[in-house]
Amino acid sequence: MSTLLNLTKYDIFDLFPRLTNLGASSFGEDADTFGDTLCEVIDDAPRGHRLPFKQQAVNELRTLLSCNDAEIDHVTWALIRIDPTVEPEEPPNWGSFPSLRAFWSAVLHVFENDPEVQAGKEIDRNP
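### Notes on helix α6 (residues 100-112)
Here is step 1: Between its first and last C-alpha, α6 extends 18 Å over 13 residues, near the 18 Å set by a 1.5 Å rise per residue.
Here is step 2: Turning to α6, its buried residues number three or more, namely L100, F103, W104, V107, L108, V110 and F111. Take α6 and look down its axis: the buried residues cluster within an arc of 160 degrees, on one side only.
Here is step 3: The inward-facing, buried residues of α6 abut α2 (17-24), α3 (38-44), α4 (51-65), α5 (69-79) and α7 (115-119).

Rendered as structure tokens:
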């Protein structure tokens with residue numbers, strides 16, 4: 001997949017539409033509005049999305065994580081507006097990840113372990 005390095009950000013948006021959506025919301029410039037820490041933002045990422053979105057996000061994350069680190073870096077900077085590998089000054093205790101691969105692996109873990117994804121069907125939250 002070395003061709004990923006040659007893609008424009010718009011090509012990347014087309015290739016990873018669900019991750020693009022997360023970059024415009026959960027992992028956008030105002031990510032701190034989705035949680036007090038980066039781990040809370042990640043944990044909250046599946047909320048508000050329907051099962052097909054979650055399943056497609058899992059597929060996109062698996063595709064991304066099958067890439068080499070240079071490709072992951074290139075794709076990440078097109079998709080999200082925060083740097084999950086840097087310890088920011090504000091908000092305090094925000095948190096960071098040792099690598100972009102570790103960050104996306106944590107996101108994949110949350111989506112794979114979402115109750116609806118685990119059940120393979122949408123769960124009525126208001127029985």
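### A word on the nonpolar core
Here is step 1: Counting residues in each nonpolar core, the largest one holds 34 residues, and the members touching the most others are F27, L79, F103, W104 and F111.
Here is step 2: Where this core is concerned, the elements lending two or more residues are α1 (9-15), α2, α3, α4, α5 and α6.
Here is step 3: Per-element accounting of this core gives the leading share, seven residues, to α6.
Here is step 4: Among all residues touching L79, those that are not within four sequence positions of it are I12, F13, F16, L19, T20, G23 and W104.

### Some remarks on the packing of aromatic side chains
The description of an aromatic ring pair rests on the distance of the ring centres and on the angle between the ring planes.
Here is step 1: Inspection of every chain in the model, using the stated rule, returns five aromatic pairs.
Here is step 2: Arranged with centres 5.2 Å apart and planes meeting at 75 degrees, the rings of F27 and F103 form a pair that is edge-to-face. Of this pair, F27 sits in the loop between α2 and α3 while F103 is found in helix α6, placing the two residues 76 residues apart along the sequence.
Here is step 3: A residue is classified by how much of its surface remains accessible, and F27, at 0% relative accessible area, is buried.
Here is step 4: When its relative accessible area of 0% is taken as the criterion, F103 is described as buried.
Here is step 5: Judged by centre distance (5.8 Å) and plane angle (75 degrees), the ring pair of F97 and F103 falls under edge-to-face.

Rules used throughout
Residues numbered from 1 in each chain as written. Predicted model: local features only at pLDDT ≥ 70, side-chain atom pairs only at ≥ 80, totals over all residues. Heavy atoms only, no water. Helix = DSSP H or I, 4+ residues; strand = E, 2+ residues; numbered from the N terminus. Expected span 1.5 Å × (residues − 1). Buried < 20%, exposed > 50% of the residue type's maximum accessible area, 1.4 Å probe, protein only. Arc of directions from axis to C-beta. Contact = heavy atoms within 4.5 Å. Core = buried A, V, L, I, M, F, W, Y, C linked by side-chain atoms within 4.5 Å. Phe/Tyr/Trp six-rings, centres within 6.5 Å; stacked < 30°, edge-to-face > 60°.

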